[in-house]
Structures are given as C-alpha cells and as structure tokens.
Amino acid sequence: MAQAPFIPPTVGVFDSGFGGLTVLRALIALAPQAQYAFIGDTARLPYGSKSRRTIARYAAQSARFLVEEQGAEYLVIACNTASALALDAIQEAVPSSVPVIGVIEPGAEAARQASATRDVLVIATDATVQSHAYAAACQARGLRALEKACPLLVPLVEEGWVASPVTNDSMALQTSAATKQQAVTADVVRIYVEELRADAHAMSMEPDSLVLGCTHYPLLKPVIEGLIPPTIKIIDSAAAAANELVMHLSRDRHALAAPASSGTRLCFFATDSVEKFERLGSRFLGRQVNNVQLVDLGG
Ligand code: DGL
C-alpha cells in the first residue's frame, strides 16, 4: 500500500519585531518537520511601552493574519509582552481549535526547574513588568520573582548593537564603530543588572536564576553572562516554548520527524522594511532570512 504523503503542520509565529526569531530557531531545532510562517510587526514595535488595549489589538491582527491567510494550525506567541497582556485576546481572535502557546508560562516553568533557592530575577519590557505576569506565574510555582523593566534593551538589540551569537562576527568586531556600539550596550546592561541585584539584596533574596523575559534578550546573553556570578543561571523561554509545541504536535499525532529530503519550510512577513528584516533577522535566526514579504495589517 502506498504511504500517505507527509503533510507538515503549519505553525504561525508572531513577534512585535525580530526577537521572536530566537524562538523560531528553537522551534526549528525541536520540530523541523513543521512549516513556519513568522510575522514581525516591525512597523508598530515596540509593544513594550504600549497599553494592554493597544497590544491586544495589534497582536490579534497578527494572529488572524497567520491563521486566516497563512493557514496556521498552531500559534506561538514569540513575544513576552503580547504573551503577558494579550494571550486571551489572541485566543479569542482565532478559532478555539488553534492552540495558542505563549512564552511566559514555559519561562516560569523553566525557572522552577532551574532554581534551588526559589528566588528568581526577571528582566523584561515595561508592559510585561507592569502586568506582573511573570511574578504570578512564578508564585504559582512556589517561586519568588523580582521583576525589572529594561526599556533601553530592545532598541539596542533592534539596531544590531550586539555581537552576533550565531555567526562569526569577527568582521564586525574589527570595526571600531561596532566595538563602540557593543561597549554602550554592555554599559546599559550593567546598570540594569546592578540595580536589579541591589534590589534583590535589599529584599534579602538569594536569586540563582535570571529569566530573560523578552525575546530580544537572548541576543544579549553573552553580555549578561559576563555581568552576573556563575551561580545565577540564565533562563530563556524559547526552548521551553518549543517543548510545548512538540507536546501539541505529538498529541495531535503529527509525525515527529520530517522525511530526510525535506528541509523546514519558512515564510517571513514584516509590517515595515523587509530589507532591515532580512539584514538583522539572520543574526537572530542563525541562518539566512530571505524573501520577507511586506504586509499591511491595517491601523
Ligand atoms: N518582543 C518583545 C517581548 O518579548 C519586546 C519588543 C517590544 O517591546 O515590542 O517582550
């Protein structure tokens, strides 16, 4: 009997910008059999300084685009801000048959598994911190979380003022402009981390984990690692969110391995400059980002 053709499930991945490509990288690593449609709402970034109402409206538009126009059967919200403030609005915007996976719960769960002292630090955008979504998710797991907003970090990452963790950046490092940019970024990160640790000390906390509560921050991991003691582990929710997607795929009996000949199919969409998306996106994804299509999601 002829084998049924392999039909890959379609996963929609959404971020306000490029940061979610770090989550897409983790998804591809764990579930290469799926095909992915990624949208970065770059025209309206940052979400992290906006109100819940606006974030929910924007995020719902992207979610509908992925499901209605790209045929996504699963949604991964690769943005902590949208996960913290708009997960309900996103779920309401799409059919209930589409599972919506955020990054807050997987991040808190990863912190629970990593922390022995039960004290964790969280850095995130203003909106995520004000929502206290991480504090609540951590508390539900018996952890005490201290959250800090770091609003300057997203613009620095979006401007590419970081050394690429995935490509050989020796060319960039040789230019003094790039070296100066990275020094500025390191100074900003140092100030935030020192303030956070001082606050934790004042509260008699003994943190042993630091959650990167924004999908842009994994690009800063090498800098952050150099500024905290080795006793504090860095938690990135990307791998945990990818694990959750794999659970859904296996529950729905999707084959967990693609035929050897088929590479992962990727489509990219942005609401602003596709040239910038292609140039910077490759750093986040660790592979070439090509053929980005411009979309208009309306107001
Ligand atoms: N990607 C967003 C997050 O993970 C941060 C960028 C923004 O502020 O829009 O929170």
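Report follows, based on the coordinates. If you're wondering where the values come from, they're calculated on a predicted model, not measured in any experiment.

Section: the sheet that holds strand β9 (residues 266-270)
Whether parallel or antiparallel, the strands of a sheet pair through hydrogen bonds between backbone atoms. Judged by pairing direction, the sheet is parallel, and its six strands sit side by side in the order β4-β3-β1-β2-β9-β10 without closing on themselves. Strands with a single pairing partner mark the edges of an open sheet, and in this sheet they are β4 (100-101) and β10 (293-294). Judged from the four bridges that link them, strand β1 (residues 10-15) and strand β3 (residues 74-77) form a sheet pairing that is parallel. If you follow Val13 over to β3, its bridge partner there is Val76. Along the sheet, helix α1 (residues 21-30) makes contact with β1, β2 (35-40), β3 and β9, crossing β2 at roughly 175°.

A look at the sheet that holds strand β6 (residues 144-149)
Taking strand neighbours across the sheet as the criterion, the four strands line up as β6-β5-β7-β8 in an open arrangement whose pairing is parallel. This sheet does not close on itself; its edge strands, each paired only once, are β6 and β8 (233-236). Mean inter-strand twist for the sheet, computed between neighbouring axes without regard to direction, equals 25°. As judged from the five bridges shared by strand β5 (residues 119-124) and strand β7 (residues 209-213), these two strands associate in the parallel manner. Across the sheet, residue Ile123 finds its bridge partner in β7, namely Leu212.

Observations regarding helix α2 (residues 52-69)
Because each turn of an α-helix spans 3.6 residues, side chains separated by three or four positions in sequence point in the same direction. An ideal rise of 1.5 Å per residue puts 26 Å on 18 residues; α2 measures up with 25 Å between its terminal C-alpha atoms. Of all the positions in α2, only Ile55, Ala56, Tyr58, Ala59, Ala60, Gln61, Ser62, Ala63, Phe65, Leu66 and Val67 are classed as buried. Residues of α2 that are buried make contact with β1, β2, β3, α3 (80-93), α5 (126-131) and β9. Gly71 occupies a position one or two residues after α2 and carries a positive phi of about 70°.

Observations concerning the side chain of Thr81
One can find Thr81 in helix α3. Assessed through its relative accessible area of 3%, Thr81 is described here as buried. One polar contact links Thr81 to Thr128, side chain to side chain, over a distance of 3.3 Å. Other than its neighbours up to four places away in sequence, Thr81 contacts Tyr47, Gly48, Ile55, Ala86, Thr125, Ala127 and Thr128.

What to know about the pairing of β3
The side chains of a regular strand alternate, residue by residue, between the two faces of the sheet. Where burial is concerned, the two faces of β3 agree: the one with Tyr74 and Val76 and the one with Leu75 and Ile77 are both buried. Running through α3, the crossover from β3 to the neighbouring parallel element β4 is right-handed.

Some words on the nonpolar core
Leu24 and Tyr36 are the most contacted members of the largest nonpolar core, which totals 56 residues. If sequence neighbours within four positions are ignored, Tyr36 has contacts with Val11, Val13, Leu24, Leu27, Ile28, Ala31, Leu245, Thr264, Arg265, Leu266 and Cys267. Counting residues in hydrophobic clusters, the runner-up holds 42 residues, among them Leu75, Ala110, Val120 and Leu297.

Considering the site of the ligand
The environment of the ligand is made up of 14 residues, and the closest members are Asp15, Ser16, Tyr47, Asn80 and Thr81. In this structure, an oxygen atom belonging to the ligand sits 2.6 Å away from a side-chain N or O atom of Thr81. Relative to its free-state accessible area of 300 Å², the ligand is covered by the protein chains to the extent of 99%.

As for the pattern of salt bridges
The tally for this structure, following the rule as stated, stands at ten salt bridges. For the salt bridge of Arg141 with Glu105, the shortest nitrogen-to-oxygen distance reads 2.9 Å. Of this pair, Arg141 sits in the loop between α6 (133-139) and β6 while Glu105 is found in helix α4 (residues 104-114), placing the two residues 36 residues apart along the sequence. Notably, a salt bridge pairs Asp119 with Arg144, separated by 3.0 Å at the nearest N-O pair. Placement of Asp119 in strand β5 and of Arg144 in strand β6 is noted, with a sequence separation of 25 residues between them. Given the relative accessible area of 39%, Arg144 is considered partly exposed.

A short note on helix α9 (residues 176-202)
Over its 27 residues, α9 runs 39 Å from end to end, which matches the ideal 39 Å to within 8%, given 1.5 Å per residue. Turning to α9, its buried residues are Ala178, Gln182, Thr185, Ala186, Val188, Val189, Tyr192, Val193, Leu196 and Ala200. Backbone geometry just after α9 places Ser204 at a positive phi near 55°.

Cut-offs and rules
Residues numbered from 1 in each chain as written. Predicted model: local features only at pLDDT ≥ 70, side-chain atom pairs only at ≥ 80, totals over all residues. Heavy atoms only, no water. Pairing = 2+ DSSP bridges. Helix = DSSP H or I, 4+ residues; strand = E, 2+ residues; numbered from the N terminus. Contact = heavy atoms within 4.5 Å. Axes fitted to C-alpha atoms, helices over the stretch in contact; angles between N-to-C directions. Expected span 1.5 Å × (residues − 1). Buried < 20%, exposed > 50% of the residue type's maximum accessible area, 1.4 Å probe, protein only. Polar contact = N/O pair within 3.5 Å; in protein donor to acceptor, adjacent residues only side chain to side chain. Right-handed = clockwise from strand over helix to strand, strands pointing away. Core = buried A, V, L, I, M, F, W, Y, C linked by side-chain atoms within 4.5 Å. Near = heavy atom within 4 Å. Areas by Shrake-Rupley, 256 points an atom, 1.4 Å probe, with all protein chains shown as cover. Salt bridge = Lys/Arg side-chain N within 4 Å of Asp/Glu carboxyl O.

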